[in-house]
2 protein chains.
Amino acid sequence: MANVASSRERRIVVAVDESEESLSALRWCLRNLVRPAPGDGSGAKDTFVLLYARPSPPVYSAVNGTGRSFSEDVTTAVDMYGRDLADSVTEKARNICKDYGNVKVDVKISVGDAREVICQMVDKLGADLLVMGSHGYGFIKRALLGSVSDHCARNAKCPVLIVKHREA
Amino acid sequence: MANVASSRERRIVVAVDESEESLSALRWCLRNLVRPAPGDGSGAKDTFVLLYARPSPPVYSAVNGTGRSFSEDVTTAVDMYGRDLADSVTEKARNICKDYGNVKVDVKISVGDAREVICQMVDKLGADLLVMGSHGYGFIKRALLGSVSDHCARNAKCPVLIVKHREA
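The structure contained in this document is the topic of the report that follows. Since the model is a prediction, treat every value here as computed from it, not as a measurement.

### Here's the deal with the overall build of chain A
What chain A contains, in helices and strands, is five helices and five strands. Mapped from its N terminus to its C terminus, chain A presents α and β elements in the order β-α-β-α-β-α-β-α-α-β. Going through the 168 residues of chain A one by one, you find that 45% of them count as buried. For chain A, the exposed area adds up to about 8500 Å²; of that, 52% sits on carbon and sulfur atoms.

Next comes the structure, spelled out in structure tokens:
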């Protein structure tokens, strides 16, 4: 018998965002991929890395088209909103993991385009699996940039699991 | 605690073909998704459905462009070759499963375009997961028809796991 189900620790990256789709993908993944803790006390356990890609803060010119200058307060407020959203999403995702008990969770928030951030992080962490919803990141952005999941399925350097909302 | 890792029997469809990619995807899936048999004697165990999509037999007109008629032997020979290939691939895949021990395997061979056959079979079987390599079905066919895995990731009615050859 060559290699019965691997018992080494795996690093499973789950891309989460503010969409219900991505949280559904997380639930599916927890229901189906969490393995019972090894009975030999070795403590080896999978780590679920919750990865949130926060868009880069918008860059405004000092004076806009109408000749009015942007206050620094506006850019600070937009940036703060982005940070709060990231915290709120990752907190929600972390709570979902708690419902599944014995799960080792790590949270990463990276700034940049979701497609690049996810592929880079997968590479950097040496992930064993990337899990994502199929319809995250909003209709307009998807229409403009193409699907984030399509991009990652092609470019991420690990197996990619795509979970559609209706299945989770 | 809402729902610790589901223990119900799952039906995992693995699309196999003559490429090494698809067999690598099968190995990855066996290494990572096979769960230990339940200790309560309930016998509930996942089923791995090895699905091979066999191209439809070619349809030749009785008389070809040069005016020469095709012998029925030719079409029969091509069809026989397709059947032998299907048997050979599924046998190889079945042997890979044997290496992983306690795995319930079912083999399905369906005739038609791989993209349609796979999505239809996933639907018909009520699959919990579809696993496939990213580069099966040959370069030329992929260039002409688009990637089979892209199509299935978008259209299959279950989560789709895409495993690239280099990872398995």
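There is more to say after this.
### With respect to helix α5 (residues 148-155) of chain B
For α5 of chain B, every residue scored as buried is listed here: Val148, Ser149, Asp150, Cys152 and Ala153 of chain B. Buried positions along α5 of chain B lie against α5 (148-155) and β5 (160-163) of chain A together with α3 (114-125), β4 (129-133) and β5 (160-163) of chain B.

### Overview of the packing of helix α1 (residues 20-33) of chain B against helix α2 (residues 72-98) of chain B
When two helices pack together, their arrangement is given by the angle between the helix axes and the distance between those axes. All names here are of chain B. In the contact formed by α1 and α2, the axes pass within 10 Å of each other and the chain directions differ by 25°. Taken together, α1 and α2 sit at an angle that is classed as roughly parallel. Regarding α1 and α2, the two cross each other, and that crossing is right-handed. Touching Leu23, Leu26, Arg27 and Leu30 of α1 are Lys92, Ala93, Ile96 and Cys97, all from α2. Across the contact of α1 with α2, the residue classes tally to six nonpolar, no polar and two charged.

### Concerning the pattern of salt bridges
When the charged atoms of two side chains lie near each other, side chains of opposite charge can form a pair. Residues and elements named next belong to chain B. Scanning all chains against the criterion turns up 16 salt bridges over all chains. Linking Asp46 and Arg10 is a salt bridge whose minimum nitrogen-to-oxygen distance equals 2.9 Å. Here Asp46 is found in the loop between α1 and β2 (47-54), whereas its partner Arg10 is found in the segment before β1 (11-16), with 36 residues between them in sequence. When its relative accessible area of 8% is taken as the criterion, Asp46 is described as buried. Measuring nitrogen to oxygen at the nearest pair gives 3.0 Å for the salt bridge that ties Glu20 to Arg27. For Arg27, a relative accessible area of 26% corresponds to the partly exposed category. A single salt-bridge network, built from bridges that share partners, covers Arg54, Asp79 and Arg83.

### Observations concerning the pairing of β4 of chain B
Residues and elements named next belong to chain B. With five of five residues buried, β4 lies mostly within the body of the structure. Here β4 shows no split at all, with Leu129, Val131 and Gly133 on one side and Leu130 and Met132 on the other all buried. In terms of strand pairing, β4 meets β5 through four bridges, oriented parallel. Paired with Leu130 across the two strands is Val160, which belongs to β5.

### Considering the nonpolar core
Formed by 50 residues in total, the largest nonpolar core has its most connected members in Val131 of chain A together with Val131 of chain B. Non-local contacts of Val131 of chain B, meaning those with residues more than four positions away in its chain, are made with Ile12, Val13, Val14, Ala15, Ala25, Cys29, Leu33, Leu161 and Val163 of chain B. Counting residues in hydrophobic clusters, the runner-up holds 44 residues, among them Val117, Leu130, Val148 and Cys158 of chain B.

### Some thoughts on the sheet that holds β5 of chain A
As summarised here, the arrangement of the ten strands in space is β3(A)-β2(A)-β1(A)-β4(A)-β5(A)-β5(B)-β4(B)-β1(B)-β2(B)-β3(B), forming an open sheet in which the pairing is mixed. Edge positions in the sheet fall to β3 (104-111) of chain A together with β3 (104-111) of chain B, since each of these pairs with one other strand and no more. Strand after strand, the sheet turns through a mean of 20° between neighbouring axes, direction not considered. Bridge count between β1 of chain B and β2 of chain B: six bridges; the pairing is parallel. Counted as the bridge partner of Ile12 of chain B is Phe48 of chain B from β2 of chain B. Lying over the sheet, α2 of chain B contacts β1, β2 and β3 of chain B, oriented at roughly 160° with respect to β2 of chain B.

Calculation notes
Residues numbered from 1 in each chain as written. Chains lettered and ligands numbered in written order. Predicted model: local features only at pLDDT ≥ 70, side-chain atom pairs only at ≥ 80, totals over all residues. Heavy atoms only, no water. Helix = DSSP H or I, 4+ residues; strand = E, 2+ residues; numbered from the N terminus. Buried < 20%, exposed > 50% of the residue type's maximum accessible area, 1.4 Å probe, protein only. Areas by Shrake-Rupley, 256 points an atom, 1.4 Å probe, with all protein chains shown as cover. Contact = heavy atoms within 4.5 Å. Axes fitted to C-alpha atoms, helices over the stretch in contact; angles between N-to-C directions. Parallel < 35°, antiparallel > 145°, perpendicular 65-115°, else oblique. Left-handed = near helix turned anticlockwise from the far one by under 90°. Nonpolar A, V, L, I, M, F, W, Y, C, P; charged D, E, K, R; others polar. Salt bridge = Lys/Arg side-chain N within 4 Å of Asp/Glu carboxyl O. Pairing = 2+ DSSP bridges. Core = buried A, V, L, I, M, F, W, Y, C linked by side-chain atoms within 4.5 Å.

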